[in-house]
There are 2 protein chains.
Amino acid sequence: MSKGLDKIDFQPVTLRDQVQERMREAIIEGHFKPGERLVERPLCDQLGVSRTVIRETIRYLEAEGLVQIAPNRGPIVSYLYWKEARQIYAIRRMLEMAAAETCAANISKELANSLRAALKHLNDDRKDMSATELYHATSDFYELIFSGAGHDIAWEMVQRLHARISRLRSLTLSTLERKKTGPEHMQVICDAICAGDHQAASQAVAEHLDDVMSVAEKLLADA
Amino acid sequence: MSKGLDKIDFQPVTLRDQVQERMREAIIEGHFKPGERLVERPLCDQLGVSRTVIRETIRYLEAEGLVQIAPNRGPIVSYLYWKEARQIYAIRRMLEMAAAETCAANISKELANSLRAALKHLNDDRKDMSATELYHATSDFYELIFSGAGHDIAWEMVQRLHARISRLRSLTLSTLERKKTGPEHMQVICDAICAGDHQAASQAVAEHLDDVMSVAEKLLADA
DNA sequence: TTTGGTATTATGGTATACCATAATACAAAG
DNA sequence: CTTTGTATTATGGTATACCATAATACCAAA
């Protein structure tokens, strides 16, 4: 129990935040297709907010890389080519390997339990989870790894990178039905980290991402 | 020679772009101190633009991590603690090592010449360069490495990370007078890459960053 | 000195109005 | 029928004005 009263850190959820969240989700989930124009005034009507809010949101998403500005045409949903996806996977690979390694080195009883719990939750409820729920559950697992490693900035970057390629995820999921190697890999990763074997942890993450990447590559046999 | 006429890809430099550039520079150069409030209307007056532009700019810089939003107080220049700077250096280290390695593996005569030219420019004109010019010249050198490696997304990330810690740069420069190991390290890096020795290149980059990092650490003996 | 109220300020949010440009449609001329 | 020029429309870009709220500072009273 803390002495005195806890500070109330009520952070007001601004309209912007909500709009940002919704538009980001919409892009990630594929409701807006790559190249699709994001015309401001219709968006205002749809979301019931003013143009200012929409425009600020678009600026934010532009910085995140989800939206591009076509000169004299306005914002469009970013295209994603293999050329870029490949780089994104490579960066994620580095960041995740480092996080797993450090996390394994810093492993504690509690952290190990949290990791196992997250994985168990993911495996048990996999069947009756929507795509978004599954995404969040997986994300929770990885977040534990990054926070366990003290790599919160890297975690933020990974999330952003992930958002940019997440439109592929719907494809990979639907076409390959997750190939079932995903969960296995995660189990191996979890075990290695909990055992404090940083080398094995790093290795397991690398293999997992190589796998995911090769699947994605087959799908993007375009530019 | 291309057949017919080249497409003119005139991208209009919008007001936003200019304001973004100027505010980013101002933060990076330390004209705005960490924690300083960025009050919108005075900024409008100073820059001679409308609030809309300022607000959009702030959203963008917020996504970049240079600006934070204090609830019910508005935007402030982000604080920077060693806890975060350390992570940023670590990430940069990974990305730059990878870029140097790949660049060395892909080395060509022309690329080697460009690299050497960039470094020569940097060394020759070092004395009569302003801090910003020196920054840009250094940046040009690294950009060659990243583009030579085909890591343009990583390059973008490195630039952003660099912006966030660049306020330290003014400190490191002024207090240690650049210790003179910087140019030496860059020479080693350049030589290794041009020789196609990817292992040495990667190693040289790592050493350089370890060095920079240790300098920064001494300065940020705070939180 | 502490309490309480008031005035100011900055912000988030909204609504418009205006202009320049790009796309489109359409009409006129060859 | 094709080409050229023009008019319309949609849109992005910019600038202002307005309101409600929260934070702050300041001042007066107990």
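The model shown is predicted, which means the values in this text are computed figures rather than measured ones. (Residues numbered from 1 in each chain as written. Chains lettered and ligands numbered in written order. Predicted model: local features only at pLDDT ≥ 70, side-chain atom pairs only at ≥ 80, totals over all residues. Heavy atoms only, no water.)

Peer 1: Tell me about the environment of A:Ser202, and please be specific about residues and values.
Peer 2: Residues and elements named next belong to chain A. For Ser202, the location among the structural elements is in helix H9 (residues 198-219). Along the primary structure Ser202 and Ala98 are separated by 104 residues, whereas in three dimensions their C-alpha atoms are 6.8 Å apart. Apart from residues lying up to four places away in sequence, Ser202 is in contact with Met97, Ala100 and Glu101. (Helix = DSSP H or I, 4+ residues; strand = E, 2+ residues; numbered from the N terminus. Contact = heavy atoms within 4.5 Å.)

Peer 1: Got a sec to walk through the relation of the copies chain A and chain B? Specific residues and values, please.
Peer 2: The operation relating chain A to chain B is a screw motion whose rotation component is 180 degrees, with 0.0 Å of axial translation and a residual RMSD of 0.2 Å. Both copies of the chain, as the preceding transformation shows, are related through a two-fold rotation axis. In this assembly the copies share their binding face: 100% of the residues contributing to the interface of chain A also contribute to that of chain B. (Least-squares fit on C-alpha atoms with pLDDT ≥ 70 in both.)

Peer 1: Please provide a residue-by-residue account of the protein's contact with DNA strand C, values included.
Peer 2: Neighbouring DNA strand C are 17 residues, the closest being A:Thr14, A:Leu15, B:Val39, B:Glu40 and B:Arg41. B:Arg41 places a polar side-chain atom, nitrogen or oxygen, 3.3 Å from a base oxygen of DNA strand C. Elements represented by at least two residues in the surface near DNA strand C include exactly helix H1 (15-28) and helix H3 (51-64) of chain A together with helix H2 (40-47) and helix H3 (51-64) of chain B. Sorting elements by how many residues they give to the surface near DNA strand C places H3(A) first, with 3 residues. (Near = heavy atom within 4 Å. Polar contact = N/O pair within 3.5 Å; in protein donor to acceptor, adjacent residues only side chain to side chain.)

Peer 1: Tell me about the layout of surface pockets, and name the residues and values.
Peer 2: Its volume calculated, the second largest pocket comes out at about 1400 Å³. As for the second largest pocket, its lining consists of 44 residues, and the residues nearest its centre are A:Asp17, A:Gln20, A:Tyr60, A:Arg160 and B:Glu62. Elements that contribute at least two residues to the lining of the second largest pocket include exactly H1, H3, helix H6 (131-149) and helix H7 (152-176) of chain A together with H3, strand S1 (67-70), strand S2 (74-77) and helix H7 (152-176) of chain B. Ranked by the residues each element gives to the lining of the second largest pocket, the list is headed by H1(A), at 7 residues. (1 Å grid on protein atoms, 1.4 Å probe; cavity = no way out; pocket = protein on both sides within 12 Å on 5 of 7 lines; lining within 4 Å. Points joined across faces, edges and corners; volume = space filled by probe spheres on them.)

Peer 1: Just give me the short version of helix H2 (residues 40-47) of chain A, but keep the residues and values in it.
Peer 2: Along an α-helix, residues three or four positions apart point the same way, because every turn accommodates 3.6 residues. Residues and elements named next belong to chain A. Glu40, Leu43 and Cys44 are the residues of H2 that are buried. An end-on view of H2 places all buried positions within 105 degrees of arc, on one side of the element. In H2, the exposed positions angled more than 90 degrees off the buried face are occupied by Arg41, Asp45 and Gln46. Of the surrounding secondary structure, the elements contacted by the buried residues of H2 are H1 and H3. (Buried < 20%, exposed > 50% of the residue type's maximum accessible area, 1.4 Å probe, protein only. Arc of directions from axis to C-beta.)

Peer 1: Before we move on, could you go through the pattern of salt bridges and cite the residues and values that matter?
Peer 2: Taken as a whole, this structure holds 28 salt bridges over all chains when the rule is applied. Residues A:Arg55 and B:Glu56 are paired through a salt bridge, measuring 3.0 Å at the closest nitrogen-oxygen approach. On the criterion of chain membership, the pair formed by A:Arg55 in helix H3 and B:Glu56 in helix H3 is interchain, its members lying in two chains. Residue classification places A:Arg55 among the buried residues on the basis of a relative accessible area of 17%. Judged by relative accessible area, B:Glu56 falls into the buried class, the value being 2%. The salt bridge involving A:Asp210 is made with A:Arg93; its shortest N-O contact spans 2.7 Å. Of this pair, A:Asp210 sits in helix H9 while A:Arg93 sits in helix H4 (residues 82-105), and the two are 117 residues apart along the sequence. One salt-bridge network, held together by shared partners, links A:Arg16, A:Glu56, B:Glu40, B:Arg51, B:Arg55, B:Arg59 and B:Glu62. (Salt bridge = Lys/Arg side-chain N within 4 Å of Asp/Glu carboxyl O.)

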